[in-house]
Structures are given as C-alpha cells and as structure tokens.
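# A look at the structure
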Amino acid sequence: MTAPVTMQIPGFHGDVITPHHDGYDEARAIWNGTVDRHPRLIARCSGTADVAAAVRFARDRDLEIAVRGGGHNVAGTAVCDDGIVIDLSAMRAVTVDPAERTALVQGGALWGDVDHETQVHGLATTGGIVSHTGVGGLSLGGGIGWLMRKHGLAVDNLVEASLVTADADIIRASANDHPDLFWALRGGGGNFGIVSSFRFRLHPVGPTVMAGPVFWAAEDTTDVLRFYREFVTDVPDELGNVVRLGTIPPWPAVSEKLHFRPAIAVASCYAGPVEDGERAVRALREFGTPLVDLVQPTLYVDHQSSIDDTVPHGWHYYWKSTNLVDLSDEAIAVIADHAYAASSPRSCVVMFHFGGSVADRAPRDATAYAGRDVAHNIVIEGIWLPDESGERAAAETAWARRFLEALQPHRGGGVYVNFLDSDDDSSRVREAYGEDTYRRLAEVKAKYDPENVFHINKNIQPRTPVAI
Ligand SMILES: Cc1cc2nc3c(=O)[nH]c(=O)nc-3n(C[C@H](O)[C@H](O)[C@H](O)COP(=O)(O)OP(=O)(O)OC[C@H]3O[C@@H](n4cnc5c(N)ncnc54)[C@H](O)[C@@H]3O)c2cc1C
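Residues numbered from 1 in each chain as written. Predicted model: local features only at pLDDT ≥ 70, side-chain atom pairs only at ≥ 80, totals over all residues. Heavy atoms only, no water.

### So, the overall build of the protein
- Each helix and strand in the protein was counted, giving 14 helices and 19 strands.
- At 22 Å, the protein has a C-alpha radius of gyration in line with the 23 Å of a compact globule built from 468 residues.
- In terms of principal-axis extent, the alpha carbons of the protein reach across some 65 × 50 × 50 Å.
- By the burial criterion, 59% of the 468 residues in the protein qualify as buried.
- Residue pairs at least 24 apart in sequence account for 73% of intrachain contacts in the protein once pairs closer than 6 positions are excluded.
- Split by element, the accessible area of the protein, about 18500 Å² in all, is 50% carbon and sulfur.
- Placing the 41 positive and 62 negative side-chain charges of the protein at their respective mean positions leaves the two points 3 Å apart. (Helix = DSSP H or I, 4+ residues; strand = E, 2+ residues; numbered from the N terminus. Rg over C-alpha atoms; globule rule 2.2 N^0.38 Å. Buried < 20%, exposed > 50% of the residue type's maximum accessible area, 1.4 Å probe, protein only. Contact = heavy atoms within 4.5 Å. Areas by Shrake-Rupley, 256 points an atom, 1.4 Å probe, with all protein chains shown as cover. Lys, Arg positive; Asp, Glu negative; His and termini not counted. Charge placed at Lys NZ, Arg CZ, Asp CG, Glu CD.)

Next comes the structure, spelled out in structure tokens:
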C-alpha cells in the first residue's frame, strides 16, 4: 500500500483530479486505448505557475512524474501508474504576431489549435499530419509534416521555449539563453523540463493549397512504389508526400464500393501557388489507373485534419517503425508482401518522404534531431477497435513485429524517436539518436536533470562528461 498523498497542491490554481473524482477515468485516458494507467493524481495546470507548483509538489513527495501534452504518444508516456500526471491539456492558447510572423503556443496545444490561429493570417509552420496530435511531444522529438521539405522541421522553426526545470525553476531556452538546452530540446524529447510555451517562426502558406491523396489498387503496389521512388527524387521542396498502404477509408467523397478496399495511396501537399502544385503532382496523378483521385485545391487547415478520423482517440494501436536505407526493389518487395497481411481493416502503413529543407536547413549537429539524412521512413500501425478480441490484438502486434523483422536488411540510419512504441522499443532510444547525439544529450541531461526526474519518456540517461 502506498501512503495517501495530500491532494492540495500549494499555489496550484488548476484542477486536481484523483481516483475519487467522477472525471478521473476520462482524465487518465489518452489517444492509445490500450494504455490503462492509474495515476494517484492528475494536476491539470492552468499556466506556468501551476506547472512549477506541480513539479515542486511531486519532488517534495518523491512522486513519479508523467507529462501530458496532447496525450498522443503511442507508448502512453503521458500517463503513469501511481504517480502524478502534470497535465497541460488546459493550456492550449495560441497567440500569433502576424508582423513578426511568429506564434506563441502553450505547451498543451494541439496542431489543430495552431493551424486554426495561424491560417487566419495565411501563415503556418511545420506540424503533424493529424490535427489532434499535441504540439509538445511532437515538436520536442523533431516534428515532421507536410511543410518540412519547404520550411524545415518543427524544431527548425522553434525560436524559443519557456520551460519548468526539475528544480521547478522557470527558464527560457533560445539561441542566446541556455543554448546547450536549446540544442537538446530540438529533438531530445521531454527529458529536460516541461515546456509551458513554444515560440515558432511562421511562413506564408495557403490558405488554399493543392493537396490530397491518389489511391491505386493494392495489386499495383510494386509499380506505384517504383514510380514513386523516382518521382520524389525530382520534386520541388514545396511538395510534401506521404504514402499510405492499407484499406481505403470509408470517406463520403469515395464511392461506397471502394470502402475498405486494399489500396496504396500517395498523399501530397504543395506549399505554394495552386497552379504550381497542379504541375508538381501531374505525373503522379497520371500514373497507372488510380481507383480514386482526391487531389484538389483545398484549404490547408482542412487538409491538416483530413485523415483525423482514420486514427481517432480511444482505438487500440501498436506501432513499429524504422528509417529505410532506400526504396530498393527488394525493400519494395517486402513492403508489398507484408502491407496488406494485417487482419484488421484499420491497420495501415505510413511512409514519410524527407529531403529538401530537412536535409539542408541546419548543420547535422545544430539540433538534437538525428534523421536529416533519411530519405524515407516507415511506420507499421496495427490498429483495432476497443471491443475487438484479444486475438485481434495479438494478430496485429505479431503482424507489425513480423513486418519490421522482414525489413531488417533495408533498415538504416535509426528511427524517428516519436514513432517508438512502448516496452519492447525502449532499448531503441540510442538507435534513434546515434551514439554521438545520444552522448551529448546525456551530458545536457546531467546538467539540467541529473536525478532523471523526467524519465517517463523516451529516456536519456544522465551522464556526466569524463574529464580528460
Ligand atoms: C495519429 C498520430 C499521428 C502522428 N503524426 C505525426 C506527424 O505527422 N509528425 C510527427 O512528427 N509526429 C507524429 N506523430 C508522433 C507524435 O510526434 C508523438 O506521438 C508525440 O509524442 C505526440 O505529442 P503529444 O504532446 O500529443 O504526446 P504526449 O503523449 O502528451 O507526450 C509525449 C511525451 O512528450 C513529452 N511532452 C509532451 N508535451 C510536453 C511539454 N509541453 N513539455 C515537455 N515534455 C512534453 C513528455 O515526455 C511526454 O511523455 C503522430 C502520432 C500519432 C498518434
């Protein structure tokens, strides 16, 4: 039995939710419905002062701390058993300075909040491709999305962050303030403190962009991927591309007879004038015999939420991911063999294409993001419904593991840290960063969080540099 904790947090103005409250189960639920953790209390902060008060409270009582941004991480690190969840979900304000082209974004905001406020001014910054993903976790891991080839990663657009340290101090990290910490925050995840606000650089985007997916039959996968491999070598940086293999979602814009039909899609978004976008995607749309072509002039803000309903909160998810050396014929053969072998019609595979500003924007050691040389990565997403049987869960988990195993000869350059799943992926954090970046992160960790207070995350173990 653990000793009861006094549930008054001194100096805290937000909500404290414990197992005795009616809203407890809702408050501890996160995006991945397989995660079922029972914190002793959830401190839903109203601002930075609350975050500091919650850290102080937790440290005084030696409570484990989990930090919740958007609650989207597949591994479920936003919640913990028995400890305290420092919950930023009520801190979602976004304030745009259109003259300076920056946005001040609170640590619990979702990408939909950012797009909503920035697009009023015809501005945007690189964010995730699902609007209910959190800015916090996504940005601190690097931040990939439709705009990255043109405007860099989310971390490349980060101007400064205000954070609460493990000692409950409130500090600012930027190129001039704590530059070592600023380096680590741009890729090193939630290891260094709790970010109460981010300031991002914005760029003119849209509001209308040429965007959407083209679907081909699953039988065409090999041909489509071979074409795609060549197509992306020569596209402008404005064009972001994501491949999705699975079944066609039951969207109203798609004929009912195609719903849940196995298919490969290439989805695009052109961050520039619509006419230029039309030209950039023409060859793709003309390739082979598409089942359905949904590429059209679209509001950027709508495109950003167009696949939200394929990955809703509360469904069950299990992911495996890796960077790929390249899309060789052999790698394509493995992908075509495994992509449609899942038993759930909701499971899918997603592949991001990088290059452009991701590779060019910053020197390799300028941020802790370690994947600048990667051309393609792959995320194998086992997805099933909460009321489906344990057999389904076992089948989807086995499928994802088998698929990753088959890709072994084609894996290269690590994995994106934000796509790592739970326990069986925890040993892959070093793989995500590579030895040099990991060592540097471990030294910054030793300076700012030597006791590893923030360890419920993709953890970097603190390491004091050895004096020579
Ligand atoms: C459906 C879906 C789509 C996705 N698409 C993309 C994509 O397009 N691009 C991409 O880059 N990633 C994408 N991801 C991965 C995403 O980056 C991670 O899941 C990320 O952790 C989500 O952040 P969050 O704040 O919602 O998560 P949470 O689960 O709330 O947080 C994850 C971890 O981040 C840390 N953290 C969160 N907020 C803060 C904060 N304010 N201060 C300090 N630490 C914090 C904590 O350590 C926490 O444990 C996607 C994930 C999902 C589930």
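Back to the write-up after that little detour.
### Topic: the sheet that holds strand S6 (residues 102-106)
- Strand order across the open sheet formed by five strands is S5-S6-S10-S8-S9, with antiparallel pairing between neighbours. A single partner strand is all that each edge strand has here, and the edge strands are strand S5 (94-97) and strand S9 (170-174). Here the strands of the sheet are splayed against their neighbours by 15 degrees on average, with no regard to which way each runs.
- Of the pairings in the sheet, the one linking S5 to S6 comprises four bridges and is antiparallel in character. What sits directly across from Val94, in S6, is Val105.
- Taken strand by strand, helix H3 (residues 111-119) contacts S5, S6 and strand S10 (194-201), and its axis lies near 35 degrees from that of S5. (Pairing = 2+ DSSP bridges. Axes fitted to C-alpha atoms, helices over the stretch in contact; angles between N-to-C directions.)

### Describing the site of the ligand
- Within the structure, the ligand sits among 35 residues, and Gly69, Gly71, Thr77, Ile144 and Tyr416 are positioned closest to it.
- A distance of 2.9 Å separates an oxygen atom of the ligand from a polar side-chain atom of Asn73.
- A distance of 3.3 Å separates a nitrogen atom of the ligand from a polar backbone atom of Gly107.
- Every element with two or more residues in the shell around the ligand is listed here: strand S3 (65-68), helix H4 (135-141) and S10.
- The greatest single-element share of the shell around the ligand, amounting to four residues, is contributed by H4.
- Its residues assigned to classes, the shell around the ligand comprises 17 nonpolar, 17 polar and one charged. (Near = heavy atom within 4 Å. Polar contact = N/O pair within 3.5 Å; in protein donor to acceptor, adjacent residues only side chain to side chain. Nonpolar A, V, L, I, M, F, W, Y, C, P; charged D, E, K, R; others polar.)

### Quick word on helix H8 (residues 274-286)
- Over its 13 residues, H8 runs 18 Å from end to end, which matches the ideal 18 Å to within 8%, given 1.5 Å per residue.
- Along its length, H8 shows its largest kink, about 40 degrees, at Ala280.
- Taken together, the buried positions of H8 are occupied by Val274, Gly277, Ala280, Val281 and Leu284.
- Its buried side turned inward, H8 meets strand S12 (208-217), helix H7 (221-231), strand S13 (239-247), strand S14 (262-270) and strand S16 (296-299).
- Of the residues trailing H8, Gly288 is marked for its positive phi of about 55 degrees. (Expected span 1.5 Å × (residues − 1). Bend = angle between axes of the 7 residues up to and from the residue.)

### Focus on the pattern of salt bridges
- Counted under the stated rule, the structure contains 28 salt bridges.
- In this structure, Arg28 and Asp25 form a salt bridge, with 2.9 Å as the shortest nitrogen-oxygen distance. With Arg28 and Asp25 both in helix H1 (residues 24-28), this residue pair falls three residues apart, about one helical turn.
- The class for Asp25 is partly exposed, based on a relative accessible area of 49%. (Salt bridge = Lys/Arg side-chain N within 4 Å of Asp/Glu carboxyl O.)

### Notes on the packing of aromatic side chains
- In total, this model carries 13 aromatic pairs according to the counting rule given.
- Each ring, one from Phe215 and one from Trp251, has its centre 6.3 Å from the other, and the planes form 70 degrees; the classification is edge-to-face. One end of the pair, Phe215, is in strand S12; the other, Trp251, is in the loop between S13 and S14, with 36 residues separating them in the sequence. Residues Phe215 and Trp251 agree in their burial class; the two are buried.
- Among the aromatic residues, those joined into a ring-pair cluster are Trp31, Tyr317, Trp319, Phe352, Tyr369, Tyr416 and Phe419.
- Above the ring of Trp315, the side-chain terminus of Arg346 is found at 5.3 Å from the ring centroid. (Phe/Tyr/Trp six-rings, centres within 6.5 Å; stacked < 30°, edge-to-face > 60°. Lys NZ or Arg CZ within 6 Å of the ring centre and 35° of its normal.)

### Observations regarding the sheet that holds S3
- Read from one edge of the open sheet, four strands run S1-S2-S4-S3, paired in mixed fashion. In this open sheet, the two strands that pair with only one neighbour each are strand S1 (15-17) and S3. Taken over all neighbouring pairs, the strand axes of this sheet differ in orientation by 20 degrees on average, direction set aside.
- Against the sheet, helix H2 (residues 48-60) touches strand S2 (41-44), S3 and strand S4 (84-87), its axis set at about 170 degrees to S4.

### Observations concerning helix H12 (residues 390-406)
- Between its first and last C-alpha atoms H12 spans 24 Å; for 17 residues at 1.5 Å apiece the expected length is 24 Å, and the two agree.
- What H12 keeps buried is the set Arg392, Ala393, Glu396, Thr397, Trp399, Ala400, Phe403 and Leu404. Mapping the buried residues of H12 onto a view down its axis gives an arc of 155 degrees, with all of them on the same face. Along H12, the residues that are exposed and aim more than 90 degrees away from the buried face are Gly390, Glu391 and Glu405.
- For H12, the secondary structure elements touched by its buried residues are strand S17 (316-324), helix H10 (329-338), strand S18 (348-353) and strand S19 (376-384). (Arc of directions from axis to C-beta.)

### Section: unusual backbone geometry
- The peptide bond linking Gly206 to Pro207 adopts the cis configuration, its omega dihedral lying at 10 degrees.
- Position of Pro207 among the secondary structure elements: in the loop between strand S11 (203-204) and S12.
- For Phe260, which is not a glycine, the phi torsion comes out positive at approximately 65 degrees.
- Structurally, Phe260 can be placed in the loop between S13 and S14.
- Positive phi, close to 55 degrees, is recorded for Asn452, a residue that is not glycine.
- One can find Asn452 in the segment after helix H14 (435-448).

### Quick look at the pairing of S4
- By the alternation rule, side chains of S4 split into Ile84 and Ile86 and Val85 and Asp87, which are all buried.
- Relative to S4, S2 runs parallel, the two sharing four bridges. Bridge pairing links Ala43 to Ile86 in S4.
- When S3 meets S4, the two strands line up parallel, connected through four bridges. In the strand pairing of S4, Ala66 is matched with Val85.

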